[in-house]
Amino acid sequence: MKKATSSPDKSHGLGLLALISTVITSSIGGGIFALTSDLAIAASPGPALIAWGIVGLGTLMLALSLNNLVLKRPDLEGIFSYAEEGFGKYTGFISGWGYWISAWMGNVAFATVMMSAVGYFLPVFNGRSQIPSVIVASVILWLLTLLVNHGIESAALLNAMITVCKLIPLFVFIVFAIFLFKGQVFTAHFWTNVGSNLQGTEAIASQIKRCFIIMMWVFVGIEGATMLSSRAKKTADAGKATLIGLVGLLTIYVLASVLPYGYFSRQALATIHQPAMVYLFKEMVGPWGGALISLGLIISTLGSWLSWTMLPAETIRLMADQKLLPRVFSRKNKQGAPTVSLVTSSVLVQFFLVTLIFTDQAYQIAYSMCTAAVTICYILVAAYQIKYSWQHLRESGSRWQLAIGIGALLFEGTAIYFSGFKYIILCTIAYIPGSILYLMARKESERRWFQSPLERLYVASVVICALVAIGLVIAGKLVI
């Protein structure tokens, strides 16, 4: 056993409370403010509670897998590195590209929910025309890009303010929702909102399935917290923080999304204007409640948007450093920001913001694509957790880690099945330009496109799936 003095920097590391706070605040974004209405569309309170239990357990297994890999393989940088180490360079590219897609698509979701919150104060942003929202969101997008390009993303004071603005409105909402809770309203249609009170397990199972992609969206970002495990004062604190933090997150999510079923009918919740929490709290306590939640949501989402502006840029910069993308994406400016990667990601966000003019389901599309893309990455993390644990099966705790990896893999695979393959298939379209860039990077570094015949098969399979997806979209059989 190593002596404590062998790692002197540990005394300046993160304590248990700081790690727990990181787990909670890195995952809570704008999604929770729109959660109740989306959930009410999918399910009644009974099936929703079951779904929360399943998603919470599955997310815990994923977080514990990440925590184990961070501790066992601190030499690997970037979440996609596990896929590359375990299954080859192209698989690492698949993971990293999926994570990158998820990161910038999440910014599209941030933009839509924030402009809806602004609409509480300025009705022009709640009108039928999406043009005002797209214009203002575009201005914010490029201002944030400019700020991040000058290295402002690490401001500690700003992060502290964002944390407060996230949690205080949520706690106020939950406290009032508890006091205003009506048991008879909550239990009136506990399992279903039509016909008899219980229509059988098939109806319940269908509702649970519809909850999955909604619930998984609010846990996107949990990996950012577990990546800080190596900076803990005590190694044991990392696992404790993951468990306690996830319990805290799950408690906040369940209370914020399920308590309103005890004040409004499911039909009322499903049809309320988005972001749902704003208008729910306005109905509960008056206009000041809507204003409080709106202000908290605007500042919280703006802060999350700022942080996640850097995340996709850093992802493809790391991929370029590891020769999964061309060298141009690894270039940094004087402030250390990857300008090319940053601008590339922002251009794509801008493109999708413009498309919001033509749809009234912008938020749902954005978070569904984001969740589907990151699920690919999570599956590969779980797969490497299984492979690594199997290779070190004789080590203490490896059998337990193997079981955790299997559980995480089964959960993520089940989530894809429950959520439907539509968004996964759509994501493959984005892998065509990505695969071209990957082959360019291979040519730059080794003067050959493929490492092996198996890699040729992987690339061909992805391209074929993407072409099929394009054909289905054109034929109108795959509707976004």
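Residues numbered from 1 in each chain as written. Predicted model: local features only at pLDDT ≥ 70, side-chain atom pairs only at ≥ 80, totals over all residues. Heavy atoms only, no water.

On to the overall build of the protein. Across its full length, the protein carries 19 helices and zero strands. Here the protein holds 480 residues, and 53% of them are scored as buried. Taking as baseline every contact in the protein between residues at least 6 positions apart, the subset at least 24 positions apart corresponds to 82%. With the model as given, the accessible surface of the protein reaches about 21100 Å², and the carbon-plus-sulfur share is 68%. (Helix = DSSP H or I, 4+ residues; strand = E, 2+ residues; numbered from the N terminus. Buried < 20%, exposed > 50% of the residue type's maximum accessible area, 1.4 Å probe, protein only. Contact = heavy atoms within 4.5 Å. Areas by Shrake-Rupley, 256 points an atom, 1.4 Å probe, with all protein chains shown as cover.)

The next subject is the nonpolar core. Burial of nonpolar side chains together is a common tendency in soluble globular proteins. Ile28, Trp52, Phe93, Leu249 and Trp305 are the most contacted members of the largest nonpolar core, which has 140 residues in total. Excluding anything up to four places from it in sequence, Leu249 contacts Val23, Ile24, Ser27, Ile28, Phe219 and Ile222. (Core = buried A, V, L, I, M, F, W, Y, C linked by side-chain atoms within 4.5 Å.)

Together, Ile131, Ile135, Val139, Leu143, Val354 and Ile357 make up a nonpolar patch on the protein surface, roughly 490 Å² of accessible area in all. Broken down by element, the nonpolar patch gets its largest block of residues, four residues, from helix H6 (residues 131-149). In this structure, Ile357 sits in the loop between helix H15 (339-355) and helix H16 (362-391). (Patch = residues over 30% accessible without salt bridge, like charges linked within 9 Å, V, L, I, M, F, W, Y side chains within 5 Å. Salt bridge = Lys/Arg side-chain N within 4 Å of Asp/Glu carboxyl O.)

What follows deals with the packing of aromatic side chains. Inspection of the entire model under this criterion finds 26 aromatic pairs. Summarising the aromatic geometry, the rings of Phe212 and Phe411 are spaced 6.1 Å apart at their centres and angled 40 degrees between planes, so their arrangement reads as tilted. One end of the pair, Phe212, is in helix H9 (residues 201-217); the other, Phe411, is in helix H17 (residues 398-419), and 199 residues separate them in sequence. A centroid spacing of 5.5 Å and a plane angle of 85 degrees characterise the contact between Phe351 and Phe352, whose relative ring orientation is edge-to-face. The exposure class assigned to Phe351 is exposed, which follows from its relative accessible area of 51%. (Phe/Tyr/Trp six-rings, centres within 6.5 Å; stacked < 30°, edge-to-face > 60°.)

Our next topic: helix H18 (residues 422-446). It helps to recall that an α-helix has 3.6 residues per turn; residues three or four apart then point in one direction. Along its 25 residues, H18 runs 36 Å from first to last C-alpha, staying within 8% of the 36 Å computed at 1.5 Å per residue. At Tyr431, H18 shows its largest bend, some 35 degrees, and a proline, Pro433, comes one to four positions later. (Expected span 1.5 Å × (residues − 1). Bend = angle between axes of the 7 residues up to and from the residue.)

Here we take up helix H13 (residues 276-285). Along H13, seven of the ten residues are buried, which leaves the element largely enclosed by surrounding structure. Looking only at H13, the buried set comprises Ala276, Met277, Val278, Tyr279, Leu280, Phe281 and Met284. Positive backbone phi, approximately 110 degrees, marks Gly286, located one or two places after H13.

To continue, consider the pattern of salt bridges. Taken as a whole, this structure holds six salt bridges when the rule is applied. For Arg73, the salt bridge is made with Asp75, and the minimal N-O distance between the two is 2.7 Å. Using a relative accessible area of 53% as the deciding quantity, one classes Asp75 as exposed. Between Arg317 and Glu314 there is a salt bridge, with the nearest N and O atoms lying 3.0 Å from each other. Pair noted here: Arg317 and Glu314 are both in helix H14 (residues 287-321), with a separation of three residues, about one helical turn. Shared partners join several salt bridges into a network, and the residues in it are Arg73, Asp75 and Glu85.

Where H6 contacts H14, the axes come no closer than 9 Å and their chain directions differ by 55 degrees. Considering their axes alone, H6 and H14 lie oblique with respect to each other. Where H6 crosses over H14, the two elements pack in a sense that is right-handed. Mapping the contact onto sequence places Ala137, Ile140, Leu141, Leu144, Thr145 and Val148 in H6 and Leu302, Trp305, Leu306, Thr309 and Met310 in H14. Class assignment for the residues of the contact of H6 with H14 results in nine nonpolar, two polar and no charged. (Axes fitted to C-alpha atoms, helices over the stretch in contact; angles between N-to-C directions. Parallel < 35°, antiparallel > 145°, perpendicular 65-115°, else oblique. Left-handed = near helix turned anticlockwise from the far one by under 90°. Nonpolar A, V, L, I, M, F, W, Y, C, P; charged D, E, K, R; others polar.)

A word on the packing of helix H5 (residues 89-118) against H6. Look at H5 against H6: their axes get within 10 Å of each other, and the N-to-C directions meet at 120 degrees. Relative to H6, the element H5 lies oblique. H6 is crossed by H5, and the crossing has right-handed handedness. Here Ala111, Met114 and Met115 of H5 come into contact with H6, specifically with Ser133, Val136, Ala137 and Ile140. The residue makeup of the contact of H5 with H6, split by class, is six nonpolar, one polar and no charged.

The next thing to look at is unusual backbone geometry. Cis geometry is adopted by the peptide bond preceding Pro275, which originates at Gln274 and carries an omega value of -5 degrees. Structurally, Pro275 can be placed in the loop between helix H12 (266-271) and H13.

Within the fold, Ser257 resides in helix H11 (residues 235-258). Polar contacts involving the side chain of Ser257 include one to the side chain of Trp52, which spans 3.1 Å. Setting aside residues up to four positions removed in sequence, Ser257 forms contacts with Leu35, Thr36, Leu39 and Trp52. (Polar contact = N/O pair within 3.5 Å; in protein donor to acceptor, adjacent residues only side chain to side chain.)

Attention shifts here to the environment of Ala51. With respect to the secondary-structure elements, Ala51 resides in helix H3 (residues 45-72). Note: C-alpha distance between Ala51 and Cys211 (160 residues apart in sequence) is 6.5 Å. Beyond its immediate sequence surroundings of up to four residues, Ala51 is in contact with Ile208, Cys211 and Met215.

Moving on, we come to the confidence of the model for the protein. Mean pLDDT over the protein works out to 82, with 87% of the residues at or above the 70 mark. Averaged pLDDT values over the elements of the protein bottom out at 66 in helix H10 (residues 222-226) and peak at 92 in H13. Here residues 1-9 scores under 50 on pLDDT; set against residues more than four positions off or in separate chains, the count is zero contacts. (pLDDT = per-residue confidence, 0-100.)

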